[in-house]
Amino acid sequence: MSDNYRNRSIIIRYVYIIAVVLLIVRLATIQLFNSKYAQLGDAQALRNVTLYPSRGYIYDRNENLIVYNEAVFDLMIVPNETLRYIGDGKYEEMNDTALLCRKLGISNEEYNERYKKACNYSHVAASIFMSQIPSEEYASWQGDLHKFKGFYVMRRTLRSYTKPVGAHLLGYVGEVSQKDMEADSYYKMGDYKGLSGLELYYEKQLRGIKGKQVMHVDVHSRTIGPYKNGMLDSVPVEGSNLYTSIDLDLQEYVEKLMANKRGAVVAIEPATGEVLAMMSAPTYDPNLLVGRKFSENYSRLHRDINKPLFNRAVLGTYPPGSTFKVAQALTALQLGVIGPGFGAVCTKNPVGCHNHPSAMSVQEGIKMSCNPYFYQVYRRVILQGKYHNEHEDSKYGLMLWHDYMLRFGFGQRLDIDLPSVMKGSIPDSSTYNYWYKNSWSFSNFYSNSIGQGEVLLVPLQMANLACCVANRGYYITPHIVRFLGNDSVKYRYPKYCEKHEVGIDKKYFDIAVAGMYDVVHTAGGTARKARVEGLDICGKTGTAENKANGIKRSDHSAFIAFAPRDNPKIALVVYVENAAGGGGSWAAPIAGLIIEKYLTGKVSRPEFESMYMNINPCQPVLPPKK
Amino acid sequence: MRTTVEYKKIDYTTIVLYAAIVIFGWVNIYAACYNESHSAVFDFGVQHGRQLIWVFIAAFFALFIMFIEPRHISNLSYLIYGIAVFLLVLTLAVGKATNGGLSWIEVGSVKIQPSEFSKFATALALAKLVSGHDFDIKKKRSWWFIALLIGLPVGLIFLQHDVGSALVFLAFLIPFYRFGLTPLVFTVGIAAVVLFILSIAVTTKFWLIFALLVLIVLYLFVWIGRPTLKHYIYALVVFVGCTAFVISVDYMFGLLEEHQQNRVLVMLDPAHDPRGVGYNVTQSKIAIGSGGFSGKGFLRGTLTKANFVPEQETDFIFCTVGEEWGFVGGALLLLAYLWLLYRLVTMAERQASVFGKFYGYSVSAILFFHLVVNIGMVLGWMPVIGIPLPFFSYGGSSLLAFTVLLFIFIRQDASSTSLF
């Protein structure tokens with residue numbers, strides 16, 4: 001046979017070579033140059049089982065437990081595993097559903113509804129059939145669980161409280177949002193995290209580190225076994241405990257006293273800056289924001305016009321009223337614009353006053369809380385005569401004053417270990433420039449002198465003022481947590497050991513302390529109701545005018561105090577909203593009771609106590625504007 | 001005349017390549033079916049155990065063929081062809097339906113797939129026809145015979161709804177090409193396939209036709225330069241033909257069954273029908289892609305082990321290779337196939353007889369077609385046509401038929417007078 005086509009043998013060989021080379025190139029693009037496939041592969045064949053660490057506990061200053069975890073159980077269902085194949089493409093239910101309904105305390109219709117919901121999610125993958133079953137309830141039918149094919153339980157933990165107190169400072173825990181998951185890849189759908197208070201501030205320490213177990217699953221999501229013999233697995237690391245400075249008994253007592261009122265109490269150990277008690281009234285039982293009833297309770301609390309979810313102690317900005325006068329006297333003495341013997345006649349002008357003899361010294365000024373006296377003091381601070389132009393002179397004085405106010409911790413966020421804190425307001429020249437266009441002077445803002453006008457503080461700052469005086473010249477940033485860690489290792493933040501000097505001599509503080517002692521103890525003092533037999537309580541009242549929606553409301557009743565006079569153990573503020581009668585009539589007696597309880601451990605005047613505990617002096621809040 | 005096997009002339013390279021592929025194939029079937037409860041190699045209740053039996057049967061047949069006088073095989077070609085066609089007819093009569101096709105005959109507990117055996121039977125018959133002294137590829141009469149020999153099994157296989165196996169007969173274009181078939185067939189064929197796919201892929205046919213017109217005008221005035229009347233007529237015929245083809249594609253596509261249409265659409269866009277036909281291809285690519293460069297290791301494939309890839313021990317067996325042995329394993333396997341194909345062409349070229357040469361090219365062409373379509377499908381380049389990877393996929397009929405196909409040629413080669 002003549003062969004004219006021998007060269008075609010070469011062509012065929014080339015075709016074979018090119019085809020196979022192209023397949024190898026295609027193989028390389030899939031296997032070597034495209035990580036998408038590898039990731040998709042892992043995602044569907046491996047299932048990461050998360051091992052949740054126990055969330056850290058929270059203790060009080062005497063290591064009494066406040067917050068702990070309680071196990072609850074989610075009943076899980078895999079719908080297909082509840083069925084048995086009976087041939088001919090048909091399935092039958094294997095479980096005694098009537099028994100299961102009885103055990104769970106649900107009706108047959110509810111069972112079917114939940115079953116349908118699970119099927120809508122997936123027939124082969126597990127989903128929650130009933131969530132957060134309390135452990136006692138679970139224990140009652142745990143023994144029967146094996147009878148129900150396709151059901152199993154998953155353990156979760158919920159926060160639990162030894163006493164229903166401290167809601168605002170402890171905060172609450174809830175499910176993470178989409179935003180949380182985007183911000184921190186640690187969180188996965190359905191995880192819990194702290195959403196407010198200490199739970200949020202110390203979230204990273206409390207939550208611990210999740211462990212994981214990598215399981216190999218098949219196409220039906222059934223577990224085949226541990227992947228790589230558990231080589232990639234990790235054990236969970238438990239969260240740190242919080243050892244707080246809260247005195248649980250005191251906290252409970254404060255909450256009892258403030259029940260049915262509106263306002264805030266902050267009590268601090270002045271030498272250390274440790275918060276002993278902090279409450280915002282009205283408050284709520286922290287158990288309400290746990291578990292199955294969370295959303296229902298949350299929305300109810302959220303709608304309440306008394307704002308029980310709002311932590312007034314650090315977020316409520318109030319005019320401090322006359323409590324502010326202590327800081328004014330100290331500033332003026334340090335600046336040298338008045339001497340300890342500075343006197344002023346009470347003219348009830350240009351600021352009004354109550355009836356009292358004229359104050360002839362700083363000590364008397366504080367004791368009687370004379371408004372015109374502090375008008376004169378403030379005038380000397382602001383108008384020092386450095387400039388002939390009154391505006392320039394006011395500007396100079398205001399700047400100096402503003403600087404001193406900041407040293408007390410006013411007008412700035414105190415770095416307490418809570419997630420959100422307001423800074424209040426201490427006006428400076430930009431405030432008045434904005435309003436009066438460079439043509440303002442002392443006459444525009446003299447009401448600052450008596451803690452009104454543009455001055456606003458949060459109760460925490462008022463308590464901090466009491467600390468500054470108690471310490472005669474410094475404060476330590478208030479904080480709630482003393483130590484973090486566990487039984488074997490504890491650590492603390494260095495920022496909560498630093499002293500912040502106010503920069504005012506101790507001798508001036510002694511004068512202020514003497515005045516504050518007289519407020520409680522001598523005739524003509526404004527807070528005689530704070531007096532407790534045998535305790536040398538020093539304090540200063542405040543009666544703050546205020547408006548809501550442009551309508552004048554009853555005065556707020558404020559009182560700052562510390563005790564004992566030497567080596568004070570407690571400094572505090574009591575602030576009661578819209579309580580007619582002034583600082584001496586409500587805040588002062590409540591403060592006296594708190595101090596007595598803390599220093600002596602008992603209450604010597606039960607009738608006095610029950611009166612202030614049971615009466616609600618607060619004018620009701622205005623309904624929200626339509 | 002009676003010849004014995006001339007051991008020195010047996011092409012051992014081919015046998016070693018064959019054995020290597022078969023063994024590696026079985027290892028991967030074992031891996032694809034492996035789980036802790038079925039780890040025994042000789043468990044005949046599972047696929048890898050049954051495949052092991054088929055490996056021994058195939059080896060026995062291979063050995064048996066080595067002792068047959070090649071002359072007898074050549075003489076029996078038409079008879080073998082006849083038996084194969086008979087079996088196909090029998091399948092239609094008593095066959096078992098699987099996967100929407102009727103391609104199995106059950107003999108006791110053993111299922112055989114006659115379409116697999118029809119490939120080498122047809123190869124033998126065609127080789128016999130071409131080697132006849134009155135055969136001339138340029139005569140029309142010869143083409144009637146060829147069409148009959150190919151058309152009969154293809155028609156019967158089509159009736160079994162086994163489109164993949166029927167398409168395999170396209171592989172015979174390669175030996176015919178070697179024997180003088182005009183390459184125009186390939187040009188027209190490739191052009192038709194490209195036009196077909198383009199017509200389905202584009203939404204407005206107008207632009208496709210417009211592009212064709214531009215191409216033809218360019219051809220006339222740029223390529224030819226000064227076209228004659230004959231060129232114009234050719235150009236017009238081609239243009240009208242193509243336009244008619246493009247317009248009728250929708251109609252032709254409609255003739256396909258829905259699952260076949262889906263397979264074509266999935267090839268064009270894997271996202272089409274991701275849970276149905278697209279699922280196989282996507283899962284297959286994921287499994288292979290997850291193997292990376294060096295693979296996850298023997299029995300460590302997470303996806304194949306978890307049954308994510310359907311048909312993973314038969315048509316999609318290459319996924320296991322890709323996942324567990326990685327690019328290294330996959331590429332080496334493809335190179336082994338290439339070596340075998342190349343070797344077969346060399347062997348075919350050294351055949352003194354037309355029968356041997358044609359049969360040799362047929363063997364290489366059938367293996368080549370299977371390789372390209374199967375791997376192309378697994379890698380997402382070809383529509384999902386269910387044809388096995390030769391010597392490798394699970395399935396007794398396919399392993400035995402390919403073994404017989406190959407060893408008839410090895411035997412033929414061993415007694416042929418070398419041209420070199």
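What you see as residue numbers is a count from 1 along each chain, following the sequence as written. Chains and ligands are labelled sequentially in the order written, the chains with letters from A and the ligands with numbers from 1. Note on the predicted model: pLDDT of at least 70 is required for a residue's local features to be given, and 80 or more for side-chain atom pairs to be given and counted; whole-chain, interface and lining totals, by contrast, use all residues. Note that the side-chain values use all heavy atoms of the structure and ignore hydrogens as well as water.

Participant: Requested: an account of the packing of helix H14 (residues 317–349) of chain B against helix H16 (residues 396–414) of chain B, with residues and values cited.
Facilitator: Residues and elements named next belong to chain B. Angles run from 0 to 180 degrees between N-to-C directions of axes, and those axes are lines fitted to C-alpha atoms, restricted for helices to the stretch in contact. A run of H or I in DSSP counts as a helix once it spans at least four residues, and a run of E counts as a strand once it spans at least two, with each numbered from the N terminus. The contact between H14 and H16 brings their axes to 10 Å, and the two run at 40 degrees. The orientation of H14 relative to H16 falls into the category oblique. H16 is crossed by H14, and the crossing has left-handed handedness. Along its contact with H14, which presents Leu344, Met347 and Ala348, the element H16 presents Leu406, Phe409, Ile410 and Asp413. Any angle between 65 and 115 degrees counts as roughly perpendicular, while under 35 counts as roughly parallel, over 145 as roughly antiparallel, and the rest as oblique. For any helix crossing, the convention is left-handed if the near helix is rotated counterclockwise from the far helix by under a right angle, and right-handed if that rotation is clockwise. Contacts are assigned to residue pairs with any non-hydrogen atoms lying within 4.5 Å of each other.

Participant: Help me get a handle on helix H8 (residues 184–201) of chain B, residues and values and all.
Facilitator: Residues and elements named next belong to chain B. In this model, H8 (18 residues) spans 25 Å end to end at C-alpha, consistent with the 26 Å of a helix rising 1.5 Å per residue. The cut-offs for exposure are 20% and 50% of the maximum accessible area for each residue type, with area from a 1.4 Å probe on protein chains only; residues under the lower value are buried, those over the upper are exposed, and the others partly exposed. Turning to H8, its buried residues number three or more, namely Leu195, Phe196, Ser199 and Ile200. Angular distribution of buried residues about the axis of H8 spans 125 degrees; they occupy a single face of the element. Here the expected length of a helix is defined as 1.5 Å per residue gap, with one fewer gap than residues. Comment: arc refers to directions from the helix axis out to C-beta atoms.

Participant: Requested: an account of the environment of Ile83(B), with residues and values cited.
Facilitator: Take Ile83(B): it is sitting in helix H3 (residues 70–94). Residues Ile83(B) and Pro114(B) lie 31 residues apart in sequence; the distance between their C-alpha atoms is 9.8 Å.

Participant: Which residues make up the nonpolar core, and what values go with them?
Facilitator: Each nonpolar core is a collection of buried residues, namely Ala, Val, Leu, Ile, Met, Phe, Trp, Tyr and Cys, held together in the definition by side-chain atoms within 4.5 Å. Formed by 136 residues in total, the largest nonpolar core has its most connected members in Met278(A), Trp401(A), Phe408(A) and Phe559(A). Per-element tally for this core: the top contributor is helix H18 (residues 459–470) of chain A, with 9 residues. Domain delimitation in this document rests on an assignment produced automatically or drawn from a domain database. Built from parts of two domains, this core gets at least three residues from each of domain 2 (48–244) and domain 3 (248–300 + 307–614) of chain A. Membership of the second largest hydrophobic core comes to 115 residues, among which are Ile30(A), Cys33(B), Tyr177(B) and Phe316(B).

Participant: Give me the lowdown on the interface of chain A and chain B, citing residues and values where you can.
Facilitator: Counting residues at the interface gives 36 residues for chain A and 52 residues for chain B. We define buried area as the total accessible area lost by two parts upon association, computed with a 1.4 Å probe and summed across both. Here chain A packs against chain B, burying approximately 3900 Å² in sum over the two surfaces, 72% of which is carbon and sulfur. Salt bridges, as used here, are contacts in which a Lys or Arg side-chain nitrogen is within 4 Å of a carboxyl oxygen on Asp or Glu. At the junction of chain A and chain B, the tally comes to 1 salt bridge. With a closest N to O distance of 3.9 Å, Arg6(A) and Glu349(B) form a salt bridge. Identification of polar contacts relies on pairs of N or O atoms within 3.5 Å, with a donor-acceptor requirement for protein atoms, meaning one able to donate a hydrogen and the other able to accept it, and with residues adjacent in sequence counted only if both atoms are side-chain atoms. For the pair chain A and chain B, the interface holds 9 residue pairs in polar contact (both at pLDDT 80 or more).

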